[in-house]
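# Structure assessment
As a plain string of letters, each chain reads:
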Amino acid sequence: MIDLNTTYLIVVIALSLCVILALIRVLRGPTAPDRAVGVDTINTIVIVGMVAFGVAFREVIYIDVAIVYALLSFISTLFIAKYLEGGDF
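Bear in mind that the values here come from a model prediction, so they are computed numbers and not experimental data.

Another aspect to go through is the environment of valine 60. Inspection of the secondary structure assignment puts valine 60 in helix 3 (residues 60-85). Sequence separation between valine 60 and leucine 84 is 24 residues, and the spatial gap between their C-alpha atoms is 36 Å.

Checked against the element boundaries, asparagine 43 lands in helix 2 (residues 32-56). Relative accessible area serves as the criterion here: at 14%, asparagine 43 is assigned to the buried category. Excluding anything up to four places from it in sequence, asparagine 43 contacts Tyr69 and Ser73.

A few words on unusual backbone geometry. Where the residue is not glycine, phi is negative for most of them; where a peptide bond is considered, it is trans in most cases. The phi dihedral of arginine 58 falls on the positive side, at around 55°, and the residue is not glycine. Its place among the elements puts arginine 58 in the loop between helix 2 and helix 3. Residue classification places arginine 58 among the exposed positions, given a relative accessible area of 71%.

Tallied over the entire structure, the rule returns 4 aromatic pairs. With a centroid separation of 5.7 Å and an interplanar angle of 75°, the aromatic rings of tyrosine 8 and phenylalanine 57 are classed as edge-to-face. Of this pair, tyrosine 8 sits in helix 1 (residues 4-28) while phenylalanine 57 sits in the loop between helix 2 and helix 3, and the two are 49 residues apart along the sequence. Centroid distance phenylalanine 53 to phenylalanine 57: 4.7 Å. Interplanar angle 50°. Geometry classified as tilted. Judged by relative accessible area, which is 40%, phenylalanine 57 ranks as partly exposed. Through a chain of ring-to-ring contacts, the aromatic side chains of Tyr8, Phe53, Phe57 and Tyr62 assemble into a single cluster.

Parameters at a glance
- Residues numbered from 1 in each chain as written.
- Predicted model: local features only at pLDDT ≥ 70, side-chain atom pairs only at ≥ 80, totals over all residues.
- Heavy atoms only, no water.
- Helix = DSSP H or I, 4+ residues; strand = E, 2+ residues; numbered from the N terminus.
- Buried < 20%, exposed > 50% of the residue type's maximum accessible area, 1.4 Å probe, protein only.
- Contact = heavy atoms within 4.5 Å.
- Phe/Tyr/Trp six-rings, centres within 6.5 Å; stacked < 30°, edge-to-face > 60°.

Structural data, given as structure tokens:
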């Protein structure tokens, strides 16, 4: 039977691979919207990592921090999209 720490390690490795792929998109993205999507993807993966960490170690505070981080990430994505569109704030 696989214990929770082994499962958490597998999840962290998979998320790290996803962050590397998204980072490649950020660095090689031909346009600014591609880079913005890459950064937003990295933010989402970090949120998933925080939730997984909170579940693995049974700490609720990490899930609360992930919720706040998700809210701030969403607001920053809106500002980036508005900036890329060329509109006023």
